[in-house]
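A look at the structure
What follows is the residue order along each chain.
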Amino acid sequence: MMALLLRRLPCSSPSLLGHTARRPLAPLHCRFSSTASEAGQSSSQSTGLLVSVSKSKDSTISVISLQRPEAKNAISSALLYDLSNAVESVRHDEQTRAVIVRSRVPRVFCAGADLKERAKMSESDARVFVSKLRASMTAIDRLPQPTIACID
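Residues numbered from 1 in each chain as written. Predicted model: local features only at pLDDT ≥ 70, side-chain atom pairs only at ≥ 80, totals over all residues. Heavy atoms only, no water.

**Focus on the packing of helix 3 (residues 77–91) against helix 5 (residues 123–141)**
Helix 5 packs onto helix 3 with a crossing angle of 30° between their chain directions and a minimal axis gap of 10 Å. By the angle class used here, helix 3 and helix 5 are roughly parallel. The chirality of how helix 3 crosses helix 5 is left-handed. Residues S77, L80, L83, S84, V87, E88 and R91 of helix 3 lie in contact with helix 5, whose contacting residues are F129, K132, L133, S136, M137, A139 and I140. Here the residues of the contact of helix 3 with helix 5 are counted per class, giving 8 nonpolar, 3 polar and 3 charged. (Axes fitted to C-alpha atoms, helices over the stretch in contact; angles between N-to-C directions. Helix = DSSP H or I, 4+ residues; strand = E, 2+ residues; numbered from the N terminus. Parallel < 35°, antiparallel > 145°, perpendicular 65-115°, else oblique. Left-handed = near helix turned anticlockwise from the far one by under 90°. Contact = heavy atoms within 4.5 Å. Nonpolar A, V, L, I, M, F, W, Y, C, P; charged D, E, K, R; others polar.)

Now the structure itself:
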């Protein structure tokens with residue numbers, strides 16, 4: 001898997017800030033365990049949620065996992081609801097020092113919006129969905145912790 005840094009930490013040193021602003025980030029390679037018990041998965045995994053949050057053994061890293069294999073993690077209303085809740089729970093977790101967003105679907109990160117579901121929405125419902133989607137992406141961007149997307 002390859003991880004990409006989505007947002008950099010603010011840096012107080014002008015020399016370091018100037019250096020990192022000009023230099024692209026190198027890809028990181030990371031491994032995750034494939035079972036809930038190995039990953040320290042929270043009980044939300046077993047409740048059928050499309051997005052789950054697990055913690056590292058020392059509880060300093062939260063992993064938000066997308067898990068909608070039948071639609072290649074296409075963002076439906078249900079997945080968006082779960083994602084928003086997961087982001088808010090991580091935002092308010094004082095122990096979390098870093099966040100990783102990943103897919104539990106092999107070779108897929110996210111297919112984008114669920115166009116099959118969207119085709120069935122009225123125009124006003126679609127506007128509300130897009131607004132919530134933008135708000136969720138903004139919430140991820142504004143997390144106080146460094147955020148990493150881990151892409152297979």
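Past the structure itself, the notes keep going.
**Regarding the nonpolar core**
Counting 21 residues, the largest nonpolar core has V51, I64, I75, L79, L83, V87 and F129 as the members making the most contacts within it. Of all the secondary-structure elements, those providing two or more residues to this core are strand 3 (51–55), strand 4 (61–66), helix 3 and helix 5. If we ignore the near neighbours within four places in the chain, the residues touching I64 are V51, S52, V53, L83, A86, V87, V90, V99, I100, V101 and R102. (Core = buried A, V, L, I, M, F, W, Y, C linked by side-chain atoms within 4.5 Å. Buried < 20%, exposed > 50% of the residue type's maximum accessible area, 1.4 Å probe, protein only.)

**Concerning the pattern of salt bridges**
Tallied over the full model, the rule gives 5 salt bridges. Where E123 meets R127, a salt bridge forms, and the shortest distance between an N and an O atom there is 2.6 Å. Of this pair, E123 and R127 both sit in helix 5, separated by 4 residues, roughly a single helical turn. For the pair E123 and R127, a shared accessibility class is recorded, and that class is exposed. A single network of salt bridges, built from pairs that share partners, joins R68, E70 and D114. (Salt bridge = Lys/Arg side-chain N within 4 Å of Asp/Glu carboxyl O.)

**Brief notes about helix 3**
The end-to-end C-alpha distance of helix 3 is 21 Å, a good match for the 21 Å that 15 residues give at a rise of 1.5 Å each. Among the residues making up helix 3, those that are buried are L79, L80, D82, L83, A86, V87 and V90. For helix 3, the angular spread of buried residues about the axis comes to 165°, placing them on one side. Looking at the buried positions of helix 3, the neighbouring elements they touch are strand 3, strand 4, strand 5 (98–103) and helix 5. (Expected span 1.5 Å × (residues − 1). Arc of directions from axis to C-beta.)

**Description of the pairing of strand 6 (residues 147–151)**
Along strand 6, 4 of the 5 residues are buried, which leaves the element largely enclosed by surrounding structure. As paired strands, strand 5 and strand 6 are joined by 4 bridges and run parallel to one another. By the bridge assignment, V99 is partnered in strand 6 with T147. (Pairing = 2+ DSSP bridges.)

**What to know about the environment of Q95**
Within the secondary structure, Q95 sits in the loop between helix 3 and strand 5. By relative accessible area, Q95 is classed as exposed at 51%. Spatially, the C-alpha atom of Q95 lies 9.2 Å from that of S62, the residues being 33 residues apart in sequence. If we ignore the near neighbours within four places in the chain, the residues touching Q95 are K55, S59 and T60.

**Points about unusual backbone geometry**
Located in the positive-phi region is S59, a residue other than glycine, with phi close to 65°. Along the chain, S59 falls in the loop between strand 3 and strand 4. Judged by relative accessible area, which is 22%, S59 ranks as partly exposed. One non-glycine residue, K72, adopts positive backbone phi at about 50°. Considering the arrangement of structural elements, one finds K72 in the loop between strand 4 and helix 3.

Nothing here speaks to function; it is all geometry.
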